[in-house]
Amino acid sequence: MATSRREVAIPGWDALQWRQIVVQGPQQTSETGVKLDQQHPTRCGGGFCYKEGSRMSSVTRNRFLVWRCLGNVLELVEQSLDVNLCNNAVRFCFPGCVLLPDVVITELSHAIVVLVATNKTVHRLTFPHPMKLPVVTDTTLTLTGSVEPAHPSILYNCGSDGLLESPNYSLITVGSSDVMLVPAFSAYLSVTGKATFVIGTQTGSMVVVTLPAHGSGDFSQQMEVRQTSMIQRLWTGIVPSMMRQSGCVPESVCSLCLHTLGSELYIFALCRDSKLRIWCATQWECMHVVNLVDYIADVSDLRLPEDCHHILCKTPGDSLKRVGLAAYLAFDGKQQVCFVQVEVVHNEMVVHHVANRPLSVDRVVSMVVSKSEVWIQSSSVTGQSSVMHSPVDSAPLGSSMWNTLALDTRYMPRLDSTPRDFDPRDNQQLIGVFADSRSGVTGLIKQSSVSIVRPCDALEMVYLSESPLSSHDVPPPLPGTMDDSNLWEDALSVLNVCRMVSQQFPVDSLEQLDDIMDTGDIPGALQLVTLLLSSDDQHDGASSRDGLSEAILRLADIDELATAISSLLGLLDIAALTNRLLAMSDMDTDPERALWCQKLFSSGLGVLCVSGTIQQVVSLRRRMCRDLLLTIYGVLQRRNEVGLSTSDDWSLSSESREQALQLMCVYNTLQWTATTPLQTVSQSQLEANVHQLAALNMTDVIGMLHSSHSLMLADGSSLLDLCISATAGAQYRNVLATRSVYAMSQQLPLIQLLLHAVNIVVDIIWPVPSNPYFADFLVSRCQYQRIEELVSLCSQMQRGTSKAYMTFLLGQCYVQTREMNKATDCFIRASQGIDERDGPMERFRAELDESSTTTAQCLVAYFTKVVRLFDQHDWSAQVITMATAALSVADSSDQNVPILWSSLFKHQLQLQHNHKAYIALCSNPDPIRRQDCLRRLVYVLYEQHAFEELCQLPFVGLEDEVVTIMEARARSVDISAHSYYELLYSFHVMRGNYKKAAASQYECAVRLTTELPTVRGLQRRAKCIVAAMNALRLVQPGDAWLVKPSSRSLTQDVKHSHDHTTSSSTQDSTQQSVQVVDLKDLREEHVLVSARLKLLQRNADAGTSTDAEELVTLLTAAGLFTVALDVSDMFSFPPTPVLEGLAARCVNLTAGPSRQMASEDEDGWEWLSANDMDGARPNRTQGVVECAWQLLRHCLFNRVKADQRSQCFCAITMHFLSVSATLPQWFLDAYKVENPAQLLQLLVKFGRVEEAGQLATQYMRALLGTGREEFAIKHAVHAQSPLSWLPYNVLDHLATSLNTAAASTSCDATIIECLAKFQEQLDQYFDAVTFSSESRLSTSRIPSAALLS
């Protein structure tokens, strides 16, 4: 038997999203209906193709319905090879019933009608026609994150509504429960919509149920007809009473068909007695009986088996004049398929015998007939299923009447698991076949999958057939590829010999050879080939060796053996054949053709069909190449016996052998592509991959990701599935839309285009130097683990994919696995192929001018892209390696040099190789990049706290830029968290720029005033001012000044530093008023800041923004008298308020009732200790009062200037006297020395007449010479001493006050005594003054007028 078709198994039936619909009539009980013959098969299936399914522009193109009957469950699935259908799977469950083994599907202009029957009911299921459905109603998320439209199925809105209404449903009430139905059922839908159901029985009768057309108002009818012409016609609801005979009779119906001839509906019944009985469905009479045995030539020993299972099928067609029938006659050992044609001539039925097809199988399970072919499903005694087909017309018959279908037993990815070998039981459980000759779609329905049957190409037919084929049986693979018929015959002969050669070796040896090839061990494979051909131990005895020699010696009949083998190798090269075809084709396209081909084989089912076909084709060609390689080695070993010429010997040994080996490696790679599952990739990985490709400037690869839509593929889908569902599918559809291919498709069934699509896809992914498509596709989909495997496979090919590019891809894989050193090594080795022309490495020269490009420029451009890639992953050491390699060959004028120096600088700095980073910075020829790098260097060294290293770098010619960067950074960052000003200070000090150092610190102090008004800010401000003063003291006195920065100038400087401009934007700042600050101003600020700090230590709520005068008041109130005096001295404020406050505290401490209690003196000790008495600390043994008076004495004599001391004494005294406090003796003694007259005046003013009288008496006595040291009087009153002065006005007031007090009735004796002494001393003073004056007048020549003045 020849093999011209192959099955492409497509799993996934169980993965469908099923909807369950339960159909149960209201009157249906367990006793309703009739019994079913137990021989009824519990599983069957079939399919239906649309009438216009073969038209390229039709919505129903490559679209079909599949049904399965499993007990009481009917499964309906609508499938399409072109579009994804949503809600396309429904299960109808008929509880308490058993489905009859057939489903009749009829296509109307507006609807699809499904007629189904059980042993108790009949049903009509109506669905909308695909032409009446909206184009898109749902979407499916794809692998790339895009959205793929899903078209609605005709089962989209299927529900249980209307299923049990009278026009669509009827109970079978004819006959009794003892009537046994046989698995003979058929139905027919007339053009008016009337449905007729016919069911055979074991008694030879038939049960007929008719459902009226929708809207007709009629009722369903039932009847039972027999060949005796006795008709029992019953209306719905009438129960028959006639009992039926049990058991099968010769007239029992085995199979049924219905067809309209003329205006009459006829029932064609093939009965157990092998007779075809034709009934008229209107007259209910048997119109004609034909004994099909009469058409059998040899009728001897015809025996019917016990389970006789004749099958009758109708040839599809719409003719009302004739109908073709195919009858399978199940005779033991003499099975026949008899073809007849029935027509009505002059109102008489005429049956014409057409042909017979004898066949020999164990058991035929089902038969399907299309317009051109008959398909037989058979089963062996072991349960193994097989399928055969034969043309209906005898003219196309070749050497064999029956062609076997090559069932699919390959490894296939499942939708719910990883790839595995199909369970053989699945292949055995074939439950149905359907075929459509118009579209060419033929399908197999299995227990757990649905398969598509495809045509074989020429080489497949030869290699899969059971017997050798010649050029008369097989045409060349493609038109124009083998014009020489003799050469084609020789090539077929070589191929037949190759198959015979492989049959001489044990299967395990050939599998071992395949396994070695899978590992890429070509030397090991060749060694095994040599051993298989030369060692006797490798064969099964002499018979095998003789068979091998006999097979090889058949090649001696070929005159030009080398040419024939070369031609065969050319035919095995699918890419070469496809390119040859496309070169001869008209590649013109138009929008209409492109639109029709846009979705061809693009659904999930179509993708799996194309992918499965490629896997089969590639696997078989790999096997052919392997067998051809064995044959070539065998010929070379037997060159003398074969009669090999010298030229043929050289050709085979040097060219053909290597070509066969290379093709075997190529197909090994392609088979890996078709069987390797996808690597799971997340959306984040895809996005990261896009960034990686962008770094390498591989925009064409990124375009592969965004220019197409990938279907949502299930887990376990192969790399090839993904490729076909994406860009490869779009490419082969574009080719199929060309004028030549499209014209060819108009003459062939659409399924024939599948092989063209397969050849185009194989050509697209073919691993050749100029075609890195598939590798690039895997890169675009982030399949790096698979790329690593692909590189390993391609490495076994001496010729093939660019090794440099493969090494480059391997480097990308190592990048993904973060193997940095391996990636670097691969990228460096790949650079050796940068000069490749017309190869994938040429893309790295795409942006260069080819006319003036040198190898060095190409290398630099390549290394720059790799550097950009490593930079994305932050691999500093690898970036340095690649950048150094690029700079070592780069010309100074190369535009990539600044980029490389910048990358080198960045990553040297990142590794804290700061000096090397500085060198890279200085080497960068681009000033803008150099400035950016310099800024980065400053920032990073600052973040590393490498302040000393930063200040010690030479920065030759870059000092001003460094200062500008640091100043701008200092002004832009948060001053509380950074110390850029301190860095600036150190930078300037180390270079001797003390004035700039002072300016930086002072600027920091100014900013701290407003930006950090806290204790910490004051502390930093104090340090900044001190640092500024120290630096400014090292400047020449004439230059020891600074310009106080304003907030506006700081903001403008930051802005202009970021803009990198030096325009006239500084004009505004120069037009502002300029405030100059010198050392005195700095000292003043420092005093204020220090005072505020001390104040805040005493009172945290005092605030930090007070002025100097207010600060003195706050310091005095806080008890910080020495600090307040310092501030007053610095700002020339009078010290009197401070000392007055101190005196008040002393008075309060002195006047306290319990001052001797130490626990009550803590507050006094606290403020006393906060005052500085030139390093002396308060002595607690002296008591707090004594220490307070000591502080007053210290402040009065050590902190107050001499010219201000009298004023201070006055203020203190006034406070004492105002509170009636006693003046301390030390104070009185000091005041007597400082200004006794003022003291006397205050005592008089405050009514202290007794004390004033005593002071006046003492003062006058001192003037007269007694106790002169108490008042620090140098000379007493006499004629030779200098003139002295006495406050006469105060004395007058005192005298009056004393007299008034003495005259008082309550006068104390001490007042009177004081008055007496005062008066007496006053008189003595006047006497002394008078005497002294007279003496001066008498002894002096000075005029009296002058003396009086």
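Here the structure is a predicted model, which is why all the values come from computation and not from measurement.

Peer 1: How do you make sense of helix 20 (residues 803–816) when you look at a structure like this?
Peer 2: An α-helical turn contains 3.6 residues, so a residue and the one three or four places further along point in the same direction. An ideal rise of 1.5 Å per residue puts 20 Å on 14 residues; helix 20 measures up with 20 Å between its terminal C-alpha atoms. Most of helix 20 is tucked away, with 12 of its 14 residues classed as buried. All of the buried residues along helix 20 are Ala 804, Tyr 805, Met 806, Thr 807, Phe 808, Leu 809, Leu 810, Gly 811, Gln 812, Cys 813, Tyr 814 and Val 815. Buried-residue contacts for helix 20 involve helix 13 (683–695), helix 18 (773–780), helix 19 (784–794), helix 21 (820–830) and helix 22 (855–873). Positive phi shows up at Arg 818, right after helix 20, with a value of about 60 degrees.

Peer 1: How should the packing of aromatic side chains be read in this particular structure?
Peer 2: Under the definition given, this model contains 29 aromatic pairs. Relative to Phe 955, the ring of Tyr 918 lies with its centre 5.6 Å away and its plane at 85 degrees, an arrangement referred to as edge-to-face. With Tyr 918 in helix 25 (residues 914–923) and Phe 955 in the loop between helix 27 (947–952) and helix 28 (959–972), this residue pair connects regions lying 37 residues apart in the sequence. Where Trp 1226 meets Phe 1227, the ring centres are 5.8 Å apart and the plane angle is 90 degrees; that geometry is what we call edge-to-face. Of the residues examined, Phe 1227 reaches a relative accessible area of 0% and is grouped as buried.

Peer 1: Just checking my understanding: could you explain the sheet that holds strand 23 (residues 285–291) for this structure?
Peer 2: Across a sheet, paired strands are connected by hydrogen bonds in the backbone, their directions being either parallel or antiparallel. Pairing is antiparallel in the open sheet, where four strands are placed in the order 20-21-22-23. Two strands in the sheet have a free side with no partner beyond their single neighbour: strand 20 (253–261) and strand 23. Within the sheet, the average angular offset between the axes of one strand and its neighbour, ignoring direction, is 20 degrees. With five bridges connecting them, strand 21 (residues 264–271) and strand 22 (residues 275–280) associate as antiparallel partners. Pairing of Ala 269 across the sheet is with Arg 277, part of strand 22.

Peer 1: So what exactly am I meant to see when it comes to the nonpolar core here?
Peer 2: If you look at soluble globular proteins, the nonpolar side chains tend to sit buried side by side. If you look at the biggest cluster of nonpolar residues, it comprises 312 residues, and the most contacted ones within it are Val 494, Phe 808, Phe 827, Tyr 862 and Phe 955. Of all the elements, helix 10 (residues 604–637) adds the most residues to this core, at 18 residues. When residues no more than four places from it in sequence are discounted, the contact partners of Phe 808 are Leu 696, Met 698, Phe 827, Ala 830, Met 841, Phe 844 and Tyr 862. Tyr 50, Leu 65, Leu 99 and Leu 163 belong to the second largest nonpolar core, which has 27 residues in total.

Peer 1: Could you clarify how one ought to interpret the pairing of strand 27 (residues 348–359) in this entry?
Peer 2: Pairing of strand 26 (residues 335–345) with strand 27 involves 11 bridges; the strand directions are antiparallel. Across the sheet, Phe 339 pairs through a bridge with Ala 355, a residue of strand 27. Between strand 26 and strand 27, which pair antiparallel in sequence order, lie two residues; one of them, His 346, sits at a positive phi of approximately 55 degrees.

Peer 1: Which parts of the structure should I look at to understand helix 17 (residues 753–764)?
Peer 2: Spanning 12 residues, helix 17 covers 16 Å between terminal C-alpha atoms, matching the ideal 16 Å at 1.5 Å per step. Those residues of helix 17 that sit buried are Leu 753, Leu 754, Leu 755, His 756, Ala 757, Val 758, Asn 759, Ile 760, Val 761, Val 762, Asp 763 and Ile 764.

Peer 1: Just to check I follow, could you spell out the packing of helix 40 (residues 1202–1218) against helix 42 (residues 1236–1245) for this structure?
Peer 2: When two helices pack together, you describe them by how their axes are tilted relative to each other and by the distance separating the axes. Where helix 40 contacts helix 42, the two axes come as close as 10 Å, and the packing angle between them is 20 degrees. By the criterion of interaxial angle, the relationship of helix 40 to helix 42 is roughly parallel. Between helix 40 and helix 42 the crossing geometry is right-handed. Residues Ser 1206, Cys 1210, Thr 1213, Met 1214 and Leu 1217 of helix 40 lie in contact with helix 42, whose contacting residues are Gln 1238, Leu 1239, Leu 1242, Leu 1243 and Lys 1245. A per-class count over the contact of helix 40 with helix 42 returns six nonpolar, three polar and one charged.

Peer 1: Even after reading the chapter, I still don't get unusual backbone geometry, so can you show me in this structure?
Peer 2: Across the chain, the bulk of peptide bonds are trans and the bulk of non-glycine residues have phi less than zero. One non-glycine residue, Trp 284, lies in positive phi territory at about 55 degrees. Relative to the helices and strands, Trp 284 resides in the loop between strand 22 and strand 23. One non-glycine residue, Ala 1272, lies in the positive phi region at around 60 degrees. In this structure, Ala 1272 sits in the loop between helix 43 (1249–1263) and helix 44 (1288–1303). The partly exposed category is assigned to Ala 1272, whose relative accessible area is 46%.

Here is what the cut-offs are and how they apply
- Residues numbered from 1 in each chain as written.
- Predicted model: local features only at pLDDT ≥ 70, side-chain atom pairs only at ≥ 80, totals over all residues.
- Heavy atoms only, no water.
- Helix = DSSP H or I, 4+ residues; strand = E, 2+ residues; numbered from the N terminus.
- Expected span 1.5 Å × (residues − 1).
- Buried < 20%, exposed > 50% of the residue type's maximum accessible area, 1.4 Å probe, protein only.
- Contact = heavy atoms within 4.5 Å.
- Phe/Tyr/Trp six-rings, centres within 6.5 Å; stacked < 30°, edge-to-face > 60°.
- Pairing = 2+ DSSP bridges.
- Axes fitted to C-alpha atoms, helices over the stretch in contact; angles between N-to-C directions.
- Core = buried A, V, L, I, M, F, W, Y, C linked by side-chain atoms within 4.5 Å.
- Parallel < 35°, antiparallel > 145°, perpendicular 65-115°, else oblique.
- Left-handed = near helix turned anticlockwise from the far one by under 90°.
- Nonpolar A, V, L, I, M, F, W, Y, C, P; charged D, E, K, R; others polar.

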